[in-house]
Amino acid sequence: MNQPDMEGDQTADPRIHGILNDSHRQLARDPSVTPPSSSPTATAAGSPPASPLDTVTVYRSMLRRRLALVGLLAAIITLSILADFMLGPSGLGLSELLRTIFSPQAADPTTRVIVWDIRLPQALMAMAVGMALGLAGAEMQTILNNPLASPFTLGLSSAAAFGASLVIVLDLAVPGIPASWLVAMSAFVFAILSAMLLDAVARWGGMNASGVVLFGIALVFSFNALVSLVQFVASAEALQGLVFWTMGSLGRANWPQLGILLAVFAIILPISVRQSWQLTAMRLGEDRAASFGIDVRRLRLTSLIRISVLSALAVSFVGTISFIGLVAPHIARRLFGEDHRFYLPGSALVGGVILSLASIASKNIVPGVLVPVGIVTSLVGIPFFLAVVFRRQMQ
């Protein structure tokens, strides 16, 4: 006899599907999370599935575990920011660092400049850029249903690099706008145009997710060729600045740029989480999501707008930072599963952790030399990228 249900049949609701599927996957992955042994349905051989009470118990256990993981990742980011000050050139002791942060007027002027004008903006920018790229990569992999999708592999970063290269090499100037902001604005505009082109191809060209990915890869090669052309005609001085920019560096971070990126991220993350149920349903396939009443094309458009803004701002401020948007979502999926209420914030936090640790590594790989952080993320990301490719080939 069926169990009574006060709210009617909810099995067609994608939220319930996501919860139940996540619960069963969690049981399969984590033997420590099991229903109570006193339940007759859990002990009888060949018995029916676990009772609703058992499912609720498992689900609550998963919620506690995922909240604990969120707290752990936030703690790791905090510790990595502190380590960024204490390691590398001009390393500071913890007591001196805390005194400079909380009582800057009482600190040594040189230390105050190092902390507030150089190291603190760079450390916080590493966290902010990593979180932005992690969230953008998670949404892009979901709406395109492709584990290799990211702002870097679909051409947004290459388009931003081309926009920046035009300003740097042609020495363009606009009255009233500083040169550094003009580079960022040009990179942002070209990244947005690249995203709009991707959306136009998806909407009006009738391409499926795989076709959009292939078109994005074509954009990567196209913009890289254009950047190479600009480098070929650039002067020696302009070429040096362009090459340094394309390597990705936190050295240009400042408080106004950091404030803009954090404000935009604080606006976009709640919007993304608000659509988490629809994005979770997208993981079941576009046809299945449409059967739940989800407007797939509208969801893809709104997600692509959020992805474009986040990745364009991140790349325009610090240059090309590769593989964060690819690696972070995969790690977050292993930690949090497919429930996008946790997967999206988790991917952002993992991205923040990765880039914060990369920032520390960039100051300590070569003693006395500040290695561009984009090189560090590429060295870490390329093996991970190949591992994803080979894993999919073996499935």
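On a predicted model such as this, the values are computed, not experimentally measured, just so you know.

**Q** I tried to follow empty space enclosed by the protein on my own but got confused; where do I start?
**A** Where empty space is left becomes clear once a probe the size of a water molecule has been rolled over the atoms. Taken as a whole and judged by the stated rule, the model has 3 cavities of 30 Å³ or more. Of the voids in this model, the largest cavity is the one considered here, and its volume is about 50 Å³. Along the walls of the largest cavity sit M140, I143, L144, L154, L198, D199, A202, V212, R300 and L304, which together make up its complete lining. Within the residue set of the lining of the largest cavity, elements represented by two or more residues are α5 (109-144), α7 (179-204) and α13 (296-318). When grouped by side-chain class, the residues that make up the lining of the largest cavity number 8 nonpolar, no polar and 2 charged.

**Q** Which parts of the structure should I look at to understand the packing of aromatic side chains?
**A** The geometry of two aromatic rings is summed up by the distance between their centres and the angle between their planes. Applying the stated criterion across every chain yields a total of 4 aromatic pairs. Plain terms: the ring middles of F162 and F223 are 6.0 Å apart, the flat faces sit at 40 degrees to each other, and that makes the pair tilted. One end of the pair, F162, is in helix α6 (residues 156-170); the other, F223, is in helix α8 (residues 209-233), and 61 residues separate them in sequence. Grouping residues by exposure puts F162 and F223 together as buried. Grouped by ring-pair contacts, the aromatic residues F162, F190 and F223 constitute a single cluster.

**Q** Please clarify how the packing of α6 against helix α9 (residues 236-247) should be interpreted in this entry.
**A** Think of two packed helices as two axes; the pair is described by the angle between the axes and how far apart they sit. Contact geometry of α6 with α9 gives a least axis separation of 9 Å together with a crossing angle of 155 degrees. The angle between α6 and α9 places the two elements in the roughly antiparallel class. You can see that α6 and α9 cross each other, and the crossing is right-handed. When α6 is examined against α9, the residues A160, A161, A164, S165, I168 and V169 are found in contact with a partner set consisting of A238, G241, L242, W245 and T246. Looking at the contact of α6 with α9, its residues break down into 8 nonpolar, 3 polar and no charged.

**Q** What exactly am I supposed to notice about the side chain of S311 here?
**A** Within the secondary structure layout, S311 lies in helix α13. Classification of S311 by relative accessible area gives buried; the value is 2%. At a separation of 2.7 Å, a polar atom in the side chain of S311 contacts the main-chain carbonyl oxygen of I307. Residue contacts for S311: discarding those within four places in its chain leaves L133, P151 and L156.

**Q** Hey, could you run me through the confidence of the model for the chain in this one?
**A** When pLDDT is low, close inspection of the predicted coordinates is not appropriate. With 84% of its residues at a pLDDT of at least 70, the chain reaches an overall mean of 80. Ranking the elements of the chain by mean pLDDT puts helix α2 (residues 40-43) last with 40 and helix α10 (residues 255-274) first with 94. In the predicted structure, residues 1-20 sits below a pLDDT of 50 and forms 13 contacts with residues beyond four places in sequence or in another chain. Overall, residues 22-45 carries pLDDT values under 50, and its contacts beyond four positions in sequence, including any with other chains, amount to 33 contacts.

Here is what the cut-offs are and how they apply
- Along each chain, residues carry numbers from 1 onward, in the same order as the chain's sequence is written.
- Side-chain atom pairs in this predicted model are given and counted only at pLDDT of 80 or more, local residue features only at pLDDT of at least 70, and totals for whole chains, interfaces and linings cover all residues.
- Only hydrogens and water are set aside; all other atoms, that is, all heavy atoms of the structure, feed into the side-chain values.
- A 1.4 Å probe that fits into a set of points on a 1 Å grid over the protein atoms alone but cannot get out defines a cavity; an open set with protein on both sides within 12 Å along at least five of seven lines defines a pocket, and lining residues are those with an atom within 4 Å of a point.
- Grid points are joined across faces, edges and corners, and a volume is the space filled by probe spheres set on the points.
- Put simply, DSSP marks the helices as runs of H or I at least four residues long and the strands as runs of E at least two long, and each gets a number from the N terminus on.
- All residues other than Ala, Val, Leu, Ile, Met, Phe, Trp, Tyr, Cys, Pro, Asp, Glu, Lys and Arg, Gly among them, are scored as polar; the first ten of these are nonpolar and the last four charged.
- Pairing of aromatic rings covers Phe, Tyr and Trp, the last through its six-membered ring, and needs centres within 6.5 Å; plane angles under 30 degrees mean stacked, over 60 mean edge-to-face, and all others mean tilted.
- Relative accessible area decides the class of each residue, using a 1.4 Å probe on protein chains only: under 20% of the type maximum gives buried, over 50% gives exposed, and in between gives partly exposed.
- Throughout, an axis means a line fitted to C-alpha atoms (over the contacting stretch in the case of helices), and angles, computed between N-to-C directions, take values from 0 to 180 degrees.
- Each angle receives one of four descriptions, namely roughly parallel if under 35 degrees, roughly antiparallel if over 145, roughly perpendicular if within 65 to 115, and oblique otherwise.
- It is the rotation of the near helix from the far one that decides the hand of a crossing: anticlockwise by less than a right angle makes it left-handed, clockwise makes it right-handed.
- Throughout, a contact is declared for two residues whenever any of their heavy atoms are within 4.5 Å.
- For this analysis, a polar contact is any N or O atom pair within 3.5 Å, provided that within protein one partner can donate a hydrogen and the other can accept it, and provided that sequence-adjacent residues contribute only side-chain to side-chain pairs.
- Confidence of the prediction at every residue is given by pLDDT, a number between 0 and 100.

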